[in-house]
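Remarks on the overall topology
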Amino acid sequence: MSDAIFLSLSGEGRRLRERADVSIPEVAAAAGTDVLTLLRWETGQIVPSGSQSVDWARVVHVLRCRDTSSHYVVDGWCPCS
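Definitions and cut-offs
For every chain, the first residue of the written sequence is number 1, and numbering continues from 1 along that sequence. Where totals are concerned, whole chains, interfaces and linings use all residues; where local detail is concerned, this predicted model gives features only for residues with pLDDT of at least 70, and gives and counts side-chain atom pairs only at 80 or more. Side-chain numbers here rest on the full set of heavy atoms in the structure, without hydrogens or water. The convention used is that axes are lines fitted to C-alpha atoms, helices contributing only their stretch in contact, and that angles between N-to-C directions extend from 0 to 180 degrees. Strands are runs of DSSP state E lasting at least two residues, helices are runs of H or I lasting at least four, and both sets are numbered from the N terminus onward. The labels follow the angle: roughly parallel below 35 degrees, roughly antiparallel above 145, roughly perpendicular from 65 to 115, and oblique for the rest. In what follows, residue pairs with any heavy atoms lying within 4.5 Å of each other are defined as contacts. Lys, Arg, Asp and Glu make up the charged group, whereas Ala, Val, Leu, Ile, Met, Phe, Trp, Tyr, Cys and Pro make up the nonpolar group; the residues left over, Gly among them, are polar. Stacked, tilted and edge-to-face pairs are distinguished by plane angle, under 30 degrees for stacked and over 60 for edge-to-face with tilted covering the rest, among Phe, Tyr and Trp rings (Trp via its six-membered ring) whose centres lie within 6.5 Å. Per-residue accessibility, obtained with a 1.4 Å probe over protein chains only, is compared with the maximum for each type, and a residue is labelled buried under 20%, exposed over 50%, and partly exposed between these values. A score between 0 and 100, pLDDT records how confident the predictor is in each residue. Two N or O atoms count as a polar contact when they lie within 3.5 Å, although within protein this holds only if one can serve as hydrogen donor and the other as acceptor, and sequence-adjacent residues are included solely when both atoms are side-chain atoms. Put simply, a nonpolar core is a bunch of buried Ala, Val, Leu, Ile, Met, Phe, Trp, Tyr and Cys residues held in one set by side-chain atoms that sit within 4.5 Å of each other.

**Remarks on the packing of helix α1 (residues 2-10) against helix α2 (residues 12-19)**
α2 packs onto α1 with a crossing angle of 80° between their chain directions and a minimal axis gap of 5 Å. Taken together, α1 and α2 sit at an angle that is classed as roughly perpendicular. Within the contact between the two elements, α1 uses Phe6, Leu7 and Ser10 and α2 uses Glu12, Gly13 and Arg15. Taken together, the residues that form the contact of α1 with α2 break down as 2 nonpolar, 2 polar and 2 charged.

See below:
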């Protein structure tokens, strides 16, 4: 769960989502949470908790892996996987 807290408090979750050009409703659906909760997580208004926050961190990880500017990706393989 600490990954989700970092993504929230640092703003990294929101930055990665925006860079990937993915909407809040899309990420919320993938993480199994509602749009308002995700918005509050992204802005640091509430601290992520529960299984949905773990799912959110996984979704953001996928977005990070798709962002070739954040690290080195070879033939679609992400070293952070």
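**Notes on the packing of aromatic side chains**
Tallied over the entire structure, the rule returns 1 aromatic pair. Considering the side-chain rings of Trp41 and Trp56, the 5.4 Å spacing of their centres and the 35° angle between planes classify their relative orientation as tilted. Placement of Trp41 in helix α4 (residues 35-42) and of Trp56 in helix α5 (residues 51-66) is noted, with a sequence separation of 15 residues between them. Given a relative accessible area of 4%, Trp41 falls into the buried group. Trp56 sits in the buried class, given a relative accessible area of 0%.

**A look at the confidence of the model for the protein chain**
Mean pLDDT over the protein chain stands at 84; residues scoring 70 or higher make up 80%. Per-element confidence in the protein chain ranges from a low mean pLDDT of 88 for α5 to a high of 96 for α4.

**A word on the environment of Asp34**
Within the element layout of this structure, Asp34 appears in the loop between α3 (24-31) and α4. A sequence separation of 18 residues divides Asp34 from Gln52, and the C-alpha atoms of the two residues are 9.7 Å apart. Polar side-chain contacts of Asp34 include one of 2.9 Å to the side chain of Thr37.

**Concerning the environment of Ile24**
Inspection of the secondary structure assignment puts Ile24 in helix α3. In this structure, the C-alpha to C-alpha distance between Ile24 and Leu38, residues 14 residues apart in sequence, is 7.2 Å. Apart from residues no more than four positions distant in its own chain, Ile24 is found in contact with Arg17, Val35, Leu38, Leu39 and Glu42.

**Topic: the nonpolar core**
Counting residues in hydrophobic clusters, the biggest one holds 16 residues, and the most contacted among them are Leu7, Val22, Val27, Leu38, Trp56, Val60 and Leu63. Where this core is concerned, the elements lending two or more residues are α1, α3, α4 and α5. The element contributing the most residues to this core is α5, with 5 residues.

**Structural notes on the environment of Arg15**
As for its position among the elements, Arg15 is in helix α2. Residue classification places Arg15 among the partly exposed positions, given a relative accessible area of 40%. Within the structure, the side chain of Arg15 is placed 3.3 Å from the side chain of Glu12, a separation counted as a polar contact.

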